[in-house]
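Residue-level listing of the chains:
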2 protein chains.
Amino acid sequence: MIFKLEATDGRSRSGSIQTENRTIDTPVFMPVGTQGSVKSLDPNDLIELNAQIILGNTYHLYLRPGVDLIKDFGGLGKFMGWDGPILTDSGGFQGFSLGRLMKTDQDGIEFTSHIDGSRHLFTPEKVVDYQESLGSDIVMPLDWCVELPNDLETLKLAVERTTLWAKRSLNAKSNKNYALFGIVQGGTEKSLRELSAKQITEIGFDGYAIGGLSVGETKSKMYDIASFTADCLPDDKPRYLMGVGAPEDLFESVAVGIDMFDCVLPTRVARNGSLFTSKGRINIVGKRFRTMNEPIEADCDCYTCTNFTASYLSHLFRAKELLSYRLASIHNLHFITNLMSNMRAAIQLGEFNDYKNRFLNQYSLTDESIRIDQKQKWLEMKNEHFS
Amino acid sequence: MIFKLEATDGRSRSGSIQTENRTIDTPVFMPVGTQGSVKSLDPNDLIELNAQIILGNTYHLYLRPGVDLIKDFGGLGKFMGWDGPILTDSGGFQGFSLGRLMKTDQDGIEFTSHIDGSRHLFTPEKVVDYQESLGSDIVMPLDWCVELPNDLETLKLAVERTTLWAKRSLNAKSNKNYALFGIVQGGTEKSLRELSAKQITEIGFDGYAIGGLSVGETKSKMYDIASFTADCLPDDKPRYLMGVGAPEDLFESVAVGIDMFDCVLPTRVARNGSLFTSKGRINIVGKRFRTMNEPIEADCDCYTCTNFTASYLSHLFRAKELLSYRLASIHNLHFITNLMSNMRAAIQLGEFNDYKNRFLNQYSLTDESIRIDQKQKWLEMKNEHFS
């Protein structure tokens, strides 16, 4: 994997990541295909909306259909019909976020399956092996993610273990042609972030991820820590902020030199009828859209907006029609991939800050009550449309 | 609307229906787009799988989003982005099948909404008007459908009222450029079928539908009555068997001179993972498909089979991934539209009977236990994915 830094504008950067058979333009947003499909979308949809790389979840794929089966099929890309690059996570975050964690010690993470309650131990070595089986282009090592806020002792232990596991992951890497990233932990403690970044970069990886954010802290705290941590990372490797994908967060993070992002937010809120527009997120089942004979966003060139009115989308959501999920997911992902490509162009023109201000000035942030409502809807749907 | 009979082979017929701006090749299967979308599919999918005409349900569209709204948007085709022909039903069958019927007398059908319990009266005149608002190419008059078996008195009354309503429907027709069909009732009583066909054809319509079948009678009874009724209808108008769509039923019905069909079966069973193959319906979550590194049907050229293995589909269904519904629906509808086009070609070559025998010899009929299981699954999903 070769990373080329092509332009900078303040701290923001544009560049490219050369994987075995594809070039990824950065900054880049990676749609999440948890269980071998970006929910409701097919590979053609992903190509059409300019997805350059997608993310797969090792935890989910390990449990179902199993990494050995996917290996037999020639890897995750072949299995799901996607021939672009794939990044897979380590499964550590799912153990944490799904509340399935049974035990963690310096050996690894033990969790119970959300499918059948069976117990599984993920060690750094196994996790690298699983991702090799999945045929990932970018492999993430097992790290230890803790919720925020948290006590200093726990945060210290998370850093210590993450470093130990990072070394073991690198040792476990075969000479297959993929990239292995390092992950920086440390919660909201800058001294720990600095320490973690130092330890991880000293080991040396193909890229560096900032983990353990977007797990309960405020947005301003998240921005502050992402900014601080980005500065502790070398310029010549890609920087990946894990689990971040709201438009305002992408702007703030690109502004401090982050290159890569992933998040279920655009597709998850899409399935609840929450759609991105340049003025903020709208709720498509709201009364004003019922009769609106125009696309959701007048100048959007996604498949959804070029073919369907807000009224039709509103009807599909009210009627709980399956097509609603796909059309909304296409729009939201297109909105984000388009945003990233505009940011990249703005960086190259030295106009990133102007573009950021212009966007954020007209974009109303989703207020907390809507966020909570969306989260609630997601929890209700969770059993059915997992993740 | 102009119907041309182009070839016959025994009693089977191939022809064409010329609507205002499109020619439909018969025999034809019409996918059902109950609420303004063929479940999980977009208009491009429909074009790709060779759907020539789709069906919309007046009952559902009247309740939500409302026929006036659709009229304001230029009709159902414009509203949903489908620019091919559309047939709409009268809503009478839904009043019957959804158990929402409150009252029926010679004036019309009163039912309660499945959405909010509100009461609505459908008269023959209103129903024609609603379908004009929807911009249908083929309008169906309000008829009175009764379950089978049923007593002679009820069957007689159904015929009488259907004839009365047919006359009122024709009187209500404006001079807009669409076709109005007549519907023959009479249950399983041949004398009543004959009487109904005589009365309806004397009034005179652009085409004739056989209603009141596939509502509880055995398959052999259904074939017998369809065959008998087809013979009571004029040769020079299209004949439409309502609510029929299983492969074996399509063969038996085309064999006796039926030209048009609609049914939710191909898409409904698809959403339950039941997929058509030349050997019969398979259950994709069955164990043998988990590791099958081939498409469901080797020589199928649908999008699903040309891009995905049975194993991947099986995984999507096990994981309840939204993409599963669309990929399975594409395959099943393609299977049926392809079947119809093969039948048409066979009729033109005078080889319909050979083709029918060849197909049915290798096609295992779905046995009753699987049918009941599928029905149960559908009932469970019904609240969510209505119809």
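Because the structure is a prediction, the values reported are computed rather than measured. (Residues numbered from 1 in each chain as written. Chains lettered and ligands numbered in written order. Predicted model: local features only at pLDDT ≥ 70, side-chain atom pairs only at ≥ 80, totals over all residues.)

Some thoughts on the relation of the copies chain A and chain B
Mapping between the two copies of the chain is achieved by a rotation about an axis and a shift along the axis. Superposing chain A onto chain B takes a rotation of 180 degrees combined with a translation of 0.0 Å along the rotation axis, leaving an RMSD of 0.0 Å. Taken together, the rotation angle and the small translation identify this as a two-fold axis. Taking the C-alpha atom as reference, chain A places Leu322 of chain A closest to the rotation axis, 3.9 Å from it. By residue overlap, the copies meet face to face through one surface: 100% of the interface positions of chain A are interface positions in chain B. (Least-squares fit on C-alpha atoms with pLDDT ≥ 70 in both. Contact = placed C-beta atoms within 7 Å.)

Topic: the sheet that holds strand β11 (residues 179–184) of chain B
Residue and element names in this part refer to chain B. Strand order in the open sheet made by the 8 strands is β4-β14-β13-β12-β11-β10-β6-β5, with parallel pairing throughout. On the outer flanks of this sheet lie β4 (28–30) and β5 (54–56), each paired with one strand and no other. The pairing of strand β6 (residues 86–88) with strand β10 (residues 138–139) spans 2 bridges and is parallel. Looking at the pairing, Thr88 lines up with Val139 of β10. Packed onto the sheet, helix α8 (residues 190–203) meets β11 and β12 (207–210) and runs at close to 160 degrees relative to β11. (Pairing = 2+ DSSP bridges. Helix = DSSP H or I, 4+ residues; strand = E, 2+ residues; numbered from the N terminus. Axes fitted to C-alpha atoms, helices over the stretch in contact; angles between N-to-C directions.)

Notes on the sheet that holds strand β7 (residues 101–105) of chain B
In sheet architecture, strand pairing relies on hydrogen bonds along the backbone and comes in two forms, parallel and antiparallel. Residues and elements named next belong to chain B. What the 3 strands build is an open sheet, ordered β7-β8-β9; its pairing is antiparallel. Looking along the sheet, the strands with just one partner apiece sit at the ends: β7 and β9 (119–122). Taken pair by pair, the neighbouring strands of this sheet meet at an average axis angle of 15 degrees, ignoring direction. Sheet topology places strand β8 (residues 108–112) next to β9; 4 bridges connect them, and they run antiparallel. Across the sheet, residue Glu110 finds its bridge partner in β9, namely Leu121.

Let's talk about the environment of Leu233 of chain B
Residues and elements named next belong to chain B. As for its position among the elements, Leu233 is in the loop between α9 (219–231) and β13 (239–241). Here the alpha-carbon distance between Leu233 and Asp259, two residues 26 residues apart in the chain, equals 12 Å. Apart from the residues lying within four places of it in its own chain, the contact partners of Leu233 are Ala197, Thr201, Tyr208 and Arg239.

Observations concerning helix α10 (residues 247–255) of chain B
Residues and elements named next belong to chain B. Of all 9 residues in α10, 8 are buried, a share of seventy percent or more. Turning to α10, its buried residues number three or more, namely Pro247, Asp249, Leu250, Phe251, Glu252, Ser253, Val254 and Ala255. The first or second residue beyond α10 is Gly257, which carries a positive phi of 95 degrees. (Buried ≥ 20, exposed ≤ 12 C-beta atoms within 10 Å, placed from the backbone.)

A word on unusual backbone geometry
With an omega of 0 degrees, the peptide bond between Thr26 of chain A and Pro27 of chain A qualifies as cis. Relative to the helices and strands, Pro27 of chain A is located in the loop between β3 (22–26) and β4 (28–30). Of note in this structure, Asn50 of chain A is not a glycine but carries a positive phi near 70 degrees. Checked against the element boundaries, Asn50 of chain A lands in the loop between α1 (43–48) and β5 (54–56). Of note, the phi angle at Ser214 of chain B is positive, near 60 degrees, even though the residue is not glycine. Secondary-structure assignment places Ser214 of chain B in the loop between β12 and α9. When the 20 C-beta atoms within 10 Å are taken as the criterion, Ser214 of chain B is described as buried.

Description of the interface of chain A and chain B
Each side of the interface is counted separately: chain A has 31 residues, and chain B has 32 residues. Residue assignment for the side of chain A that touches chain B shows that the elements contributing at least two residues are α4 (76–80), α13 (310–318) and α14 (323–348) of chain A. Residue contributions to the side of chain A that touches chain B peak at 5 residues, all from α13 of chain A. Class assignment of the residues belonging to the side of chain A that touches chain B gives a composition of 13 nonpolar, 11 polar and 7 charged. (Nonpolar A, V, L, I, M, F, W, Y, C, P; charged D, E, K, R; others polar.)

Worth remembering: the numbers are spatial, not functional.
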